[in-house]
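The lines below spell out each chain.
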Amino acid sequence: QVRLVESGGGLVQPGGSLRLSCTASRSIFGIYSLGWYRQAPGKQRELVATITRSGSTNYADSVKGRFTISRDNAENSVNLQMNSLKPEDTAVYYCNLRDDVRMDYWGKGTLVTVSS
């Protein structure tokens, strides 16, 4: 089982920024994709952003232009830079790794609260 550990969540004011990080227990070189999902209270889990092994990225429309996903192979990590945060970004953010046989692994989540 691949272990994924998220960090970087917390309380931030609207318009502020946070950087989330997810560290994997295995090398991320060559894996199919890495991503971030989020789940707000009373809502379904939704895709935020993904990045494939080729470097292709995909973002939810709600975060385009504000969030940036990146990977750091040396640190076995995937990061999410979140700028211009809005109250509606408040959610538990989950790290996802999809391996080469399309098996998904999930972190336990980190809470992001955007409030004044």
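None of these values were measured; they are calculated from a predicted model.

A.B. asks: If you had to explain the sheet that holds strand β7 (residues 67-72) to someone new, which residues and values would you point to?
C.D. replies: Read across the sheet, four strands follow the order β1-β3-β8-β7 without closing on themselves; strand pairing throughout is antiparallel. Each of the sheet's edge strands pairs with one partner strand only, and the pair in question is β1 (4-7) and β7. Along the sheet, successive strands turn relative to each other by an average axial angle of 15°, direction set aside. The sheet contact formed by β7 and strand β8 (residues 77-82) spans six bridges and is antiparallel. Within β8, the position partnered with arginine 71 by the bridge is valine 78.

A.B. asks: Could you give an account of the side chain of aspartate 99, naming the residues involved and the relevant values?
C.D. replies: For aspartate 99, the location among the structural elements is in the loop between β9 (91-98) and β10 (104-106). For the buried aspartate 99, which has no salt bridge, the nearest side chain bearing the opposite charge is arginine 26, at an N-O separation of 5.5 Å. When sequence neighbours within four positions are dropped, the list of residues in contact with aspartate 99 reads Tyr32 and Tyr105.

What counts and what doesn't
Residues numbered from 1 in each chain as written. Predicted model: local features only at pLDDT ≥ 70, side-chain atom pairs only at ≥ 80, totals over all residues. Heavy atoms only, no water. Pairing = 2+ DSSP bridges. Helix = DSSP H or I, 4+ residues; strand = E, 2+ residues; numbered from the N terminus. Axes fitted to C-alpha atoms, helices over the stretch in contact; angles between N-to-C directions. Buried < 20%, exposed > 50% of the residue type's maximum accessible area, 1.4 Å probe, protein only. Lys, Arg positive; Asp, Glu negative; His and termini not counted. Salt bridge = Lys/Arg side-chain N within 4 Å of Asp/Glu carboxyl O. Contact = heavy atoms within 4.5 Å.

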